[in-house]
Amino acid sequence: MRKKIAVITSGGDAPGMNACVRAIVLAANRYGHQVVGFKHGYNGLIENEYKELTADSVQHIIKLGGTILKSARCEAFTTDKGLTTAVNNLTRNEIDSFIVIGGDGSLRGLDRLSKHWDGQVIGVPGTIDNDLSGTDNTIGYQTAIDTALDSIDKLRDTADAFERIFLVEVMGRHAGFIALASAVASGAEQALFPESIEDPHLELESIVQHVECLRKVKGKSSIIMVIAEHLWPGGVTDLAETLTKQIGIECRPCILGHIQRGGAPVAYDRILATKLGTYAVEIINEGQSGVMVGEINNRQCAHKLNYVYSEQKALDPYLVKIQQNIFDVVQCLNQTKTL
Ligand code: F6P
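Residues numbered from 1 in each chain as written. Predicted model: local features only at pLDDT ≥ 70, side-chain atom pairs only at ≥ 80, totals over all residues. Heavy atoms only, no water.

**Q** Explain the side chain of His210 residue by residue, including any values.
**A** Along the chain, His210 turns up in helix H7 (residues 200–218). In contact with His210, not counting residues within four places along its chain, are Glu189, Gln190, Asp328 and Val330. (Helix = DSSP H or I, 4+ residues; strand = E, 2+ residues; numbered from the N terminus. Contact = heavy atoms within 4.5 Å.)

Written out as structure tokens, the structure reads:
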């Protein structure tokens, strides 16, 4: 049956969202469906601002960062009035299936919509944070790691030249995926992320001890600490000041910020986006609804929306062990003492 599929990109944009839109359009065309794109996330659905998406309109967008549909966070959609307007516009435009490419908040919104609209709803994980269950990787995560890594490598050059201590803040919302991965890949001396710290203030002593220990073991040399955003109240600027006072050596903060969301998607994200966009259309053909598509161990899968945003996804425990135990200078020193 020929269907009319609507798509939005919502929340924090992620490299690979365009590749996903392209895949949805090409796969939909292949199966004889029509595709429209609402602009600016859920805002476009409420404002009824949309455009037809054809194979021509998605030509060559696979390599572009950002999103041609624009993105936004939408306060109005969280209200009953906004939700009703969105539902009315889906009905008025005779939409059969609605695909949302976005992160946790966007998929939460989609789940709520599904309780008030009879059409098919499908989520696609698009966020640099990688904090959604039901998929090993979210679209944009691998690119964000590479972007953060590129910056940290550059910081290392100048940190080494001055034998300085740098505290680098990376994104991830309330998850430590980018922090852990970019710390391991850059050979950072320390990584702090929410999954391993309950109360950051209680950790201050151990952070200080860690830096002092590094100085003892490595002598005067550069130290890079990668810190997840929202971890330290006041952010890395505050932590850098506190540490400077405590250890008497100047610590410099560096916030990577939104740079991590930009840039051309790496091959991995383009391929993942292509697979998940295509798979979203294929499960629409099967009549599925209320799920997010994902990929686990290289196999495509679909999980209930409320599972993907409410079940906490764990960091790779082996990577945590390597960063915080096997490669950790303090642990090594303690072990040597007991030998
Ligand atoms: O969810 C993606 C993300 O970039 C998070 O890592 C970050 O906390 C947040 O969005 C920033 O949102 P905004 O661009 O609205 O400030």
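Having seen the model, we can carry on.
**Q** Residue-level account of the layout of surface pockets, with values.
**A** Of the pockets and cavities examined, the largest pocket occupies roughly 600 Å³. In this structure, the largest pocket is lined by 28 residues; those nearest its centre are Gly11, Gly12, Arg73, Gly105 and Ser106. The element best represented in the lining of the largest pocket is helix H4 (residues 104–114), accounting for six residues. Residues that form the lining of the largest pocket fall into these classes: six nonpolar, 11 polar and 11 charged. Built from parts of two domains, the lining of the largest pocket gets at least three residues from each of domain 1 (4–140 + 265–310) and domain 2 (142–261). (1 Å grid on protein atoms, 1.4 Å probe; cavity = no way out; pocket = protein on both sides within 12 Å on 5 of 7 lines; lining within 4 Å. Points joined across faces, edges and corners; volume = space filled by probe spheres on them. Nonpolar A, V, L, I, M, F, W, Y, C, P; charged D, E, K, R; others polar. Domains from an automatic or database assignment.)

**Q** Summarise the packing of aromatic side chains; cite the residues concerned and give the values.
**A** For the structure shown, the criterion picks out four aromatic pairs. Three or more aromatic residues joined by ring pairs form one cluster here, namely Tyr42, Phe77 and Phe98. Over the face of the ring belonging to Tyr31 we find Arg30, whose NZ or CZ atom lies 5.5 Å from the ring centre. Taking NZ or CZ as reference, Lys313 lies 5.5 Å from the ring centre of Phe177, over its face. (Phe/Tyr/Trp six-rings, centres within 6.5 Å; stacked < 30°, edge-to-face > 60°. Lys NZ or Arg CZ within 6 Å of the ring centre and 35° of its normal.)

**Q** Could you give me a rundown of the sheet that holds strand S5 (residues 120–125), with the residues and numbers involved?
**A** Read across the open sheet, the seven strands follow the order S3-S2-S1-S4-S5-S10-S11; overall the sheet is mixed. Each of the sheet's edge strands pairs with one partner strand only, and the pair in question is strand S3 (50–53) and strand S11 (299–304). Across this sheet, the average inter-strand angle for adjacent strands is 30 degrees, counted without regard to direction. Of the strand pairs in this sheet, strand S2 (residues 34–38) and S3 are connected by four bridges, and their pairing is antiparallel. Among the inter-strand pairings, Gly37 is bridged to a residue of S3, identified as Lys51. The strands touched by helix H1 (residues 17–30) are strand S1 (4–9), S2, S3, strand S4 (97–102) and S5; relative to S4, the strand with the most contacts, the crossing angle is about 160 degrees. (Pairing = 2+ DSSP bridges. Axes fitted to C-alpha atoms, helices over the stretch in contact; angles between N-to-C directions.)

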